[in-house]
Amino acid sequence: MSTFKTVMRRILNLPEPRSDAAKVKAKGKKGEASLPGSPPAGQPSPAPQAPAGLQQWTDAAARLQGQTPSSQPAPGAATGAGAGTGAVATEGRDLPWQLEDENSGTKFLVKAGRGALWAVVGLAAITGIRSWFWAPEPPKAPVQVSSGPTYPVQEAQAVAARFARSYLSWDESDPKARAEALARDMAKGIDTAAGWNQKGHQEVLAAQPGAVTEEKDKRARVRVDVLVKASGTDGSPKTVDKPKDDKSKDKKDDPKKDDKAAKDDKGDGRDSRSADGPRWVGLEIPVVQTSGRILVSGQPGMVGVPTDGTSAPALNTKSTDLDFSEKTRGVAEEFFTKYATGEAESVAAPGASVAPLPPGVNLGGLRNWSVDEGSGTDRIGTATVTWLTGGAELEETYRVKLTRVASAKAERWQVSEVHGGMSS
């Protein structure tokens with residue numbers, strides 16, 4: 001412990017305590033007594049040793065005296081020297097510590113230690129002492145809140161579907177009803193009677209809203225597919241048969257007039273396709289969000305409806321367990337027979353909930369049944385079934401889940417789930 005105190009005192013350049021200085025002086029006196037020129041016992045002891053600055057000169061004088069024992073110092077000189085030494089010693093005794101010279105290495109160590117100590121203090125002030133012993137908690141990741149659509153899609157679809165019904169329904173005997181229906185969803189200031197010549201009769205059977213495309217300034221465009229049925233006309237002008245002139249019988253047909261008539265028929269823009277019966281019409285409707293409402297901001301436009309779909313990626317087919325498929329075919333036939341009569345739960349697995357089919361549907365037959373390769377208590381199979389309904393026969397595909405039901409006496413496989421369509 002005393003060594004640590006001495007090292008810290010040297011680093012901080014602090015004076016030694018008085019007790020330590022006295023010990024150092026005592027050691028110095030013992031050293032003087034052992035010198036060759038020290039006075040014998042009985043004679044008065046010389047004055048206390050001078051400070052460190054003059055000690056080297058005192059030691060040099062003592063060595064010279066030891067080399068020449070016959071020579072005696074002059075009384076005056078001795079007295080002067082003694083007086084001088086005593087005065088310096090007396091001055092040294094007044095100091096609370098002992099003065100010592102430091103060599104260059106000691107000074108460098110003191111300065112280096114002092115700089116290191118101040119560096120530690122500065123580091124503690126910057127980082128905080130607490131962080132040395134307790135690691136700071138890691139920063140928490142910001143909570144990401146999933147924001148919904150920026151546009152009220154459902155409200156826009158509802159308004160657009162209602163507007164499409166009103167827009168594509170008309171009756172020349174009551175044009176006012178159409179104008180009043182359109183006014184409910186159109187912005188103020190738009191002429192609800194514009195765009196229709198107040199002729200014809202058409203009704204809407206169904207309206208299916210589709211995609212909502214958001215645009216700038218709280219505006220959007222809504223796609224609506226509408227099933228309409230016109231009353232025996234496609235809107236083209238009616239043709240009136242003209243009475244034939246008897247004189248025309250005698251005239252020959254003019255080939256130039258026939259060519260001109262053929263060209264007119266090609267360029268009149270009429271569609272030769274039949275428009276009888278219900279048909280789907282696409283409608284894109286501009287809407288705007290204002291004053292907390294969704295309103296139609298202008299006239300819509302009819303667009304085409306796809307007549308066929310694009311190709312879909314092929315399904316990942318799995319290998320078939322032929323033995324297990326043959327073993328459970330009777331289970332599938334029994335289930336679909338009861339499924340048509342509304343009694344599917346009587347043959348389903350315990351705890352399964354299978355809603356019955358509506359009346360008027362009868363089982364035509366189980367065309368195909370296959371179970372995927374696998375193991376365990378649950379297996380997945382595919383069934384191709386024909387139904388007799390509405391005077392027609394329909395072929396449909398189902399994915400069926402079989403579950404093994406075991407009891408103390410036996411075990412069997414039963415249907416626990418059934419889903420229409422081949423989705424996986």
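As the structure is a prediction and not an experimental result, all values here were calculated from the model.

Parameters and conventions
Residues numbered from 1 in each chain as written. Predicted model: local features only at pLDDT ≥ 70, side-chain atom pairs only at ≥ 80, totals over all residues. Heavy atoms only, no water. Helix = DSSP H or I, 4+ residues; strand = E, 2+ residues; numbered from the N terminus. Buried < 20%, exposed > 50% of the residue type's maximum accessible area, 1.4 Å probe, protein only. Contact = heavy atoms within 4.5 Å. Areas by Shrake-Rupley, 256 points an atom, 1.4 Å probe, with all protein chains shown as cover. Polar contact = N/O pair within 3.5 Å; in protein donor to acceptor, adjacent residues only side chain to side chain. Salt bridge = Lys/Arg side-chain N within 4 Å of Asp/Glu carboxyl O. Core = buried A, V, L, I, M, F, W, Y, C linked by side-chain atoms within 4.5 Å. Pairing = 2+ DSSP bridges. Phe/Tyr/Trp six-rings, centres within 6.5 Å; stacked < 30°, edge-to-face > 60°. Lys NZ or Arg CZ within 6 Å of the ring centre and 35° of its normal. Expected span 1.5 Å × (residues − 1). Patch = residues over 30% accessible without salt bridge, like charges linked within 9 Å, V, L, I, M, F, W, Y side chains within 5 Å.

Caption draft 1: Representation of the overall build of the chain. In terms of helices and strands, the chain carries eleven helices and ten strands. Counting all 424 residues of the chain, 22% fall into the buried class. The long-range fraction of contacts in the chain, counting pairs at least 24 apart against all pairs at least 6 apart in sequence, stands at 58%. Put simply, the chain shows about 30600 Å² of open surface, and 55% of that area lies on carbon and sulfur atoms.

Caption draft 2: Region of the structure containing unusual backbone geometry. A positive phi angle is found at Lys218, which is not glycine, with a value near 60°. Relative to the helices and strands, Lys218 resides in the loop between β2 (201–214) and β3 (219–230). Judged by its relative accessible area of 54%, Lys218 is exposed. With a phi angle near 55°, Ser291 is a residue other than glycine that sits in the positive phi range.

Caption draft 3: Spotlight on the side chain of Asp321. For Asp321, the position within the fold is in the loop between β6 (301–303) and α10 (322–327). At 3.3 Å, the side chain of Asp321 forms a polar contact with the backbone nitrogen of Phe324. In this structure Asp321 touches Val371, Asp372, Glu373 and Arg379, once residues within four positions along its chain are discounted.

Caption draft 4: Representation of the pattern of salt bridges within the structure. Across all of its chains, the model carries twelve salt bridges by this definition. Glu215 serves as the salt-bridge partner of Arg221, at 2.6 Å between the closest nitrogen and oxygen. Given a relative accessible area of 39%, Glu215 falls into the partly exposed group. Asp225 serves as the salt-bridge partner of Arg223, at 2.8 Å between the closest nitrogen and oxygen. Note on Asp225: relative accessible area 22%, which makes it partly exposed. Three or more residues joined by partner-sharing salt bridges are found here, namely Glu215, Arg221 and Glu284.

Caption draft 5: Representation of the nonpolar core within the structure. Membership of the largest hydrophobic core comes to 23 residues, with the highest contact counts inside it found for Phe163, Leu168, Val224, Val226, Ile285, Val287 and Val296. For Val287, the residues in contact, after removing those within four places along its chain, are Tyr151, Ala156, Lys218, Arg219, Ala220, Val222, Ile294, Leu295, Val296 and Ser297. With 22 residues, the next largest nonpolar core counts Ala332, Leu366, Ala383 and Trp387 among its residues.

Caption draft 6: Local environment of the pairing of strand β4 (residues 279–290). Relative to β4, β3 runs antiparallel, the two sharing ten bridges. Across the sheet, the residue bridging to Ala220 is Val287, located in β4. Where β4 and β6 come together, three bridges link them in antiparallel fashion. In the strand pairing of β6, Leu283 is matched with Met302. In terms of strand pairing, β4 meets strand β5 (residues 293–296) through four bridges, oriented antiparallel. For Gln289, the partnering residue across the bridge sits in β5 and is Ile294. Hairpin remark: β4 followed by β5, antiparallel, with two residues in the connecting loop; positive phi at Ser291, about 55°.

Caption draft 7: Focus on the packing of aromatic side chains. Counting across every chain of the model gives nine aromatic pairs. Taking the centre distance of 5.0 Å and the plane angle of 85° together, the rings of Phe324 and Trp413 count as edge-to-face. Placement of Phe324 in helix α10 and of Trp413 in strand β10 (residues 411–420) is noted, with a sequence separation of 89 residues between them. Of the two residues examined, Phe324 and Trp413, each falls in the buried class. Here a set of aromatic residues connected by ring pairs shows up, and it is made of Phe335, Phe336, Tyr339, Trp387 and Tyr398. Seen from the ring of Tyr167, Arg178 lies directly overhead, with NZ or CZ sitting 5.1 Å from the centre.

Caption draft 8: View of helix α7 (residues 153–167). Across its 15 residues, α7 extends 21 Å between first and last C-alpha, which sits within 8% of the 21 Å expected from 1.5 Å per residue. Taken together, the buried positions of α7 are occupied by Ala156, Val159, Ala160, Ala161, Phe163, Ala164, Ser166 and Tyr167. Summarising the contacts, the buried residues of α7 are in contact with β1 (170–171), α8 (175–183), β2, β3, β4 and β5.

Caption draft 9: The arrangement of the environment of Ser423 in detail. Locating Ser423 in the fold gives a position in the segment after β10. As for Ser423 and Leu315, which are separated by 108 residues in sequence, their C-alpha atoms are 7.9 Å apart.

Caption draft 10: A nonpolar patch on the surface, seen in detail. Judged by side-chain polarity, Leu117, Trp118 and Val121 come together as a nonpolar surface patch covering roughly 330 Å² of accessible area. Mapped onto the fold, Trp118 is located in helix α5 (residues 104–127). Judged by relative accessible area, which is 61%, Trp118 ranks as exposed.

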